[in-house]
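Each chain, letter by letter, is given below.
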Amino acid sequence: MTIQTMYAIAMALLSLGAQPKELPPTDMKLTTSTGVTVELCPPASVHMICESIWGSQTKEEYKQDISAVVEGEIIGTSEVKIRFNYNDRTYETYETLYSVFVKENFWNAPENIEIVVAVPESSYADIVDIPNFKIGDEAVFLLRDTAAIENDPMDLKSYAGYYVMSPADIGVVKNDTVTVDSIISASPDEQAYANQSKVILTFDDFRSKAADLLSE
């Protein structure tokens, strides 16, 4: 089972209301109320590079679970190993947890707070399409709410307030521009492949595109 498949198991019927989380302490080993075990990992000595195929979506399909859109600065990062049960089998997967200081709220999130965002990749399973951020980097996130996932086998809400599902949920900020997936600019009924093509937008253009995306 691939990371993408395991992650997809957990994604269903999202709504609003995730609460900010703090990054775990350096000695973290958390066993949640659902029996999921989460522990911090040092970066892998040899990165495992993973290729992923991201399925096509219409703009409507893509946006339906987005709960907030923010631009923020990476102020902390942790890699975690998650051990969980699904269909009477035990699985292990890895996530990177980013602590993000929200500098600008494009939609439905407060500014000047810290949130924790779970990203489905790490040095143990480095998905080449997903950016690897360092402390001090800035990014745009189209966020999905962990608190509203039903029957989540990884119990993400216990250690992250939000998650991203694909590279299309992440924009890379450089100077006064943001590089995002072209699905942001797609027509409502156009099929688009997440992360197959990119557009570079000014922040004014991104604000307009994001507003159009979320109001359609």
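Please read all numbers here as calculations on a predicted model, not as lab measurements.

### What about the nonpolar core?
The tendency in soluble globular proteins is for nonpolar side chains to be buried as a group.
No. 1: By size, the foremost hydrophobic cluster in this structure holds 22 residues, and its most contacted members are Ile115, Val117, Phe141 and Leu143.
No. 2: For this core, the secondary-structure elements that each account for two or more residues are β5 (68–86), β6 (89–107), β7 (114–119) and β9 (138–145).
No. 3: Those residues in contact with leucine 143, other than ones at most four positions away along the chain, are Asp65, Ile66, Ser67, Ala68, Val70, Ile115, Val117, Tyr162 and Tyr163.

### Thoughts on the packing of aromatic side chains
No. 1: For the structure shown, the criterion picks out six aromatic pairs.
No. 2: Geometrically, the ring pair formed by tyrosine 94 and tyrosine 124 is stacked, given 4.4 Å between the ring centres and 5° between the ring planes. Here the residue tyrosine 94 occupies a position in strand β6, and tyrosine 124 occupies one in the loop between β7 and β8 (126–127), the gap between them amounting to 30 residues.
No. 3: In this structure tyrosine 124 comes out as partly exposed when scored by relative accessible area, which is 21%.
No. 4: Look at phenylalanine 106 and phenylalanine 206: their rings are 5.0 Å apart centre to centre, the planes differ by 75°, and that puts the pair in the edge-to-face class. Of this pair, phenylalanine 106 sits in strand β6 while phenylalanine 206 is found in helix α3 (residues 203–215), placing the two residues 100 residues apart along the sequence. For the pair phenylalanine 106 and phenylalanine 206, a shared accessibility class is recorded, and that class is buried.

### A few points about the environment of threonine 34
No. 1: Following the sequence through the fold, threonine 34 ends up in the loop between β1 (29–31) and β2 (37–41).
No. 2: Taking relative accessible area as the criterion, threonine 34 reaches 51% and is therefore assigned exposed.
No. 3: Along the primary structure threonine 34 and phenylalanine 84 are separated by 50 residues, whereas in three dimensions their C-alpha atoms are 8.9 Å apart.
No. 4: Within the structure, the side chain of threonine 34 is placed 2.9 Å from the side chain of threonine 32, a separation counted as a polar contact.
No. 5: Among the polar contacts made by the side chain of threonine 34, one reaches the side chain of aspartate 155 at a distance of 3.2 Å.

### A word on the pattern of salt bridges
No. 1: Under the definition given, this model contains nine salt bridges.
No. 2: For the salt bridge of glutamate 92 with arginine 83, the shortest nitrogen-to-oxygen distance reads 2.7 Å.
No. 3: Note on glutamate 92: relative accessible area 41%, which makes it partly exposed.
No. 4: With relative accessibility at 28%, the residue arginine 83 sits in the partly exposed group.
No. 5: In this structure, lysine 103 engages glutamate 138 in a salt bridge whose closest nitrogen and oxygen atoms are separated by 2.8 Å. Placement of the pair is lysine 103 in strand β6 and glutamate 138 in strand β9, with a sequence separation of 35 residues.
No. 6: The exposure class of glutamate 138 is partly exposed, given its relative accessible area of 25%.
No. 7: When salt bridges with common partners are traced through the structure, they connect Glu39, Arg83 and Glu92 into a single cluster.

### Quick word on the environment of arginine 207
No. 1: Structurally, arginine 207 is set in helix α3.
No. 2: Judged by relative accessible area, arginine 207 falls into the partly exposed class, the value being 32%.
No. 3: Remark: the alpha-carbon pair of arginine 207 and phenylalanine 106, spanning 101 residues in sequence, is separated by 6.6 Å.
No. 4: With residues near it in sequence (within four places) discarded, arginine 207 still touches Glu104 and Phe106.
No. 5: Of note is the side chain of arginine 207, whose polar atom sits 2.7 Å from the side chain of glutamate 104.
No. 6: Within the local environment of arginine 207, its side chain forms a polar contact with the side chain of aspartate 204, the two groups lying 2.7 Å apart.

Calculation notes
- Residues numbered from 1 in each chain as written.
- Predicted model: local features only at pLDDT ≥ 70, side-chain atom pairs only at ≥ 80, totals over all residues.
- Heavy atoms only, no water.
- Core = buried A, V, L, I, M, F, W, Y, C linked by side-chain atoms within 4.5 Å.
- Buried < 20%, exposed > 50% of the residue type's maximum accessible area, 1.4 Å probe, protein only.
- Helix = DSSP H or I, 4+ residues; strand = E, 2+ residues; numbered from the N terminus.
- Contact = heavy atoms within 4.5 Å.
- Phe/Tyr/Trp six-rings, centres within 6.5 Å; stacked < 30°, edge-to-face > 60°.
- Polar contact = N/O pair within 3.5 Å; in protein donor to acceptor, adjacent residues only side chain to side chain.
- Salt bridge = Lys/Arg side-chain N within 4 Å of Asp/Glu carboxyl O.

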